[in-house]
Amino acid sequence: MTIYERIKARRKELELSADTVAEALGVSRATVYRYESQDIEKLPTTVLESLSKVLRCSPGYLMGWEDTPNFTYKEEFSLSDLEKNIIRKFRTLKNGERAMFLRTIGVEDTEKGESAKMA
């Protein structure tokens, strides 16, 4: 599998749109498609490193030197005051309220057992 095929496959595996990847990289959707279709023959190392962070894998995986993604980057981001307040409020909700809130925003509760313990 080529680097271009790996980029596309990994993006699809993570269910990321080209728009999402483009926004994270600060490029256009067309540029992401060009990364995936070999229109850009030589990807700069800075692009490769940024892509690997967005695609949660190592640059070596994208290059084909490793067989598994081996994600080693920590997601570094900060929360806005609004996001912090939403999280605080969510933590005070009872299970039924949490379920309704998650349905409203279209998020599946993958920690159902955990949320029951926390309530």
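Bear in mind the structure is a predicted one, so any value in this text is a computation, not a measurement. (Residues numbered from 1 in each chain as written. Predicted model: local features only at pLDDT ≥ 70, side-chain atom pairs only at ≥ 80, totals over all residues. Heavy atoms only, no water.)

A. Region of the structure containing unusual backbone geometry. Even without being glycine, E15 reaches a positive phi, approximately 55°. Relative to the elements of secondary structure, E15 occurs in the loop between α1 (3-13) and α2 (18-25). Accessibility expressed as a relative area gives 73% for E15, which makes it exposed. Here R56, not a glycine, exhibits a phi torsion of approximately 50°, which is positive. With respect to the helices and strands, R56 occurs in the loop between α4 (45-54) and α5 (59-63). (Helix = DSSP H or I, 4+ residues; strand = E, 2+ residues; numbered from the N terminus. Buried < 20%, exposed > 50% of the residue type's maximum accessible area, 1.4 Å probe, protein only.)

B. Geometry of the packing of aromatic side chains. Under the counting rule described, the total for this entry stands at one aromatic pair. Seen from their ring centres, F90 and F101 are 5.7 Å apart, and the 50° between their planes marks the pair as tilted. Of this pair, F90 sits in helix α6 (residues 81-92) while F101 is found in helix α7 (residues 95-105), placing the two residues 11 residues apart along the sequence. Under the relative-accessibility criterion, F90 is labelled partly exposed at 21%. With a relative accessible area of 29%, F101 lands in the partly exposed category. (Phe/Tyr/Trp six-rings, centres within 6.5 Å; stacked < 30°, edge-to-face > 60°.)

C. Looking closely at the packing of α1 against helix α3 (residues 29-36). At a minimum axis distance of 7 Å, the contact between α1 and α3 shows a crossing angle of 125°. Considering the angle they form, α1 stands oblique to α3. Touching Y4, I7, K8 and R11 of α1 are Y33, Y35 and E36, all from α3. Among the residues forming the contact of α1 with α3, the class breakdown is four nonpolar, no polar and three charged. (Axes fitted to C-alpha atoms, helices over the stretch in contact; angles between N-to-C directions. Parallel < 35°, antiparallel > 145°, perpendicular 65-115°, else oblique. Contact = heavy atoms within 4.5 Å. Nonpolar A, V, L, I, M, F, W, Y, C, P; charged D, E, K, R; others polar.)

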